Amino acid sequence: MSDAVPVRGIVTAHGDMALGMVDAVRQIAGGTEDVLVPVSNVGKSPDALVAEIEAIAGGAPVIVFTDLQAGSCTLAARLSSREHPERAVLCGVNLPMLLDFVFHRDLPLDELVARLLAKGRQGVIAVAGPTAEPR
Amino acid sequence: MTIVLRRVDERLIHGQVVIGWGSQLHPTRYVIVDDDLAGSGWEQDLYRLAVSDGATVVFLTVLEARALLQSMEDDSERTILLTRDVGSMVRLARQGALAGRAVNLGGMHFGEGRTRVRSYLFLSEDDREGIRELAGGGATVTARDLPDSAQVTLDDLIGADSNG
């Protein structure tokens, strides 16, 4: 545990996905509203989306989780993280990644990012059917 | 091949274009026509990362695009040509350069002075004037966010101020 400010999260995704994912995290893990903030891209211009992310991020360390690398959400997240080393952007958000985030926000940003990438990748696995991996 | 889509979309390269249109049109090249982006290397890098499957992304000023328009129609690439505002498409189309060609309006979002045509399309009076100019130059202008969506006709675009 460091003395640094815990990292906050923003989930930005198409349609209602961000809202749904953040709701799922809260149902499973609890958490206060400003720990993980959902942002939808619906009806927003690129500039509006960047402005919304920046307003939520402020100057504290933040991870912006996005759904799709080839998408306006990721582009806006990348634009908002330019010249902000305290902001990280992770694409391909999933629930294992977000749940682990909520419980390890005290880690330094670089360690946390590496950990979340690993958790997210571990969470994608065939558990039944012909290609199921042995447990 | 040809230019398979000419589109005005504020977001330029994004999910609807790359996945929605791309999965049907199979583009091998995206041409972004925008005077500002043509001079901004770091923003170009962002858009390049948003394209998958080895398609190339080219950034041109309006003037450069006008000079290359015919060769883009004739070369072997399947091109999606994008501008982020009506004004750039109008300048591209001057002197009948897009006569007989289709122009698609995609995402243009709410902003001051813009009224709603569809949930993904808000137009200002300047935009409508530009659309009239495009149509007057012989382009077929319609709006559609995705290939399977209902097409919005020219009358709908430049007619009523808003249909709610």
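What you see is a predicted model, and the numbers here were worked out from it, not measured in a lab. (Residues numbered from 1 in each chain as written. Chains lettered and ligands numbered in written order. Predicted model: local features only at pLDDT ≥ 70, side-chain atom pairs only at ≥ 80, totals over all residues.)

Undergrad: Give a description of the sheet that holds strand β3 (residues 56-60) of chain B that names residues and reports values.
TA: All names here are of chain B. Taken in spatial order, the six strands line up as β3-β2-β4-β1-β5-β8 in an open sheet, and their pairing is parallel. Looking along the sheet, the strands with just one partner apiece sit at the ends: β3 and β8 (140-143). The sheet shows a mean angle of 25° between the axes of neighbouring strands, direction not considered. The sheet contact formed by strand β1 (residues 2-8) and strand β5 (residues 102-105) spans two bridges and is parallel. Residue pairing across strands places R7 opposite N104, the latter belonging to β5. (Pairing = 2+ DSSP bridges. Helix = DSSP H or I, 4+ residues; strand = E, 2+ residues; numbered from the N terminus. Axes fitted to C-alpha atoms, helices over the stretch in contact; angles between N-to-C directions.)

Undergrad: Describe the sheet that holds strand β4 (residues 87-91) of chain A, listing the residues and the values that go with them.
TA: Working definition: the strands of a sheet are paired by backbone hydrogen bonds and lie parallel or antiparallel to each other. Residue and element names in this part refer to chain A. Sheet architecture is open: four strands sit in the order β2-β1-β3-β4, paired in parallel fashion. Two strands in the sheet have a free side with no partner beyond their single neighbour: β2 (36-40) and β4. When the angles between neighbouring strand axes are averaged without regard to direction, this sheet yields 20°. Looking at chain direction, strand β1 (residues 8-13) and β2 are connected through five bridges and run parallel. Each bridged residue has a counterpart across the sheet, and for I10 the counterpart in β2 is V37.

Undergrad: Account for the packing of helix α3 (residues 62-74) of chain B against helix α4 (residues 86-93) of chain B, naming residues and giving values.
TA: A pair of packed helices can be characterised by two numbers: the angle between their axes and the separation between those axes. All names here are of chain B. Interhelical geometry of α3 versus α4 gives an angle of 45° and a closest axis separation of 9 Å. The orientation of α3 with respect to α4, classified from their angle, is oblique. Of the two possible hands of crossing, α3 and α4 adopt the one that is right-handed. Only S88, R91 and L92 of α4 make contact with α3, whose side of the interface consists of V62, A65 and R66. A class-by-class count of the residues in the contact of α3 with α4 yields three nonpolar, one polar and two charged. (Parallel < 35°, antiparallel > 145°, perpendicular 65-115°, else oblique. Left-handed = near helix turned anticlockwise from the far one by under 90°. Contact = placed C-beta atoms within 7 Å. Nonpolar A, V, L, I, M, F, W, Y, C, P; charged D, E, K, R; others polar.)

Undergrad: Before we move on, could you go through the nonpolar core and cite the residues and values that matter?
TA: Formed by 75 residues in total, the largest nonpolar core has its most connected members in A:V11, A:I53 and B:L134. Looking at this core element by element, the count peaks at five residues for α4(B). Not counting residues within four places of it along the chain, the set of residues in contact with B:L134 comprises B:M89, B:V90, B:A93, B:L98, B:V103, B:A139 and B:V141. (Core = buried A, V, L, I, M, F, W, Y, C linked by C-beta atoms within 7 Å. Buried ≥ 20, exposed ≤ 12 C-beta atoms within 10 Å, placed from the backbone.)

Undergrad: An account of the pairing of β1(B) is requested, with residue identities and associated values reported.
TA: All names here are of chain B. In terms of residue burial, β1 counts as a mostly covered element, since five of its seven residues are buried. As paired strands, β1 and strand β4 (residues 78-83) are joined by six bridges and run parallel to one another. In the sheet register, V8 faces β4, and the bridge partner there is T83.

Undergrad: Provide a residue-level description of the confidence of the model for chain B, including the pertinent values.
TA: Detailed conclusions should not be drawn from predicted coordinates in areas where pLDDT is low. Looking at chain B, pLDDT values average 92 and 96% of them are 70 or higher. As a predicted assembly, this complex carries a pTM of 0.82 together with an ipTM value of 0.70. (pLDDT = per-residue confidence, 0-100.)

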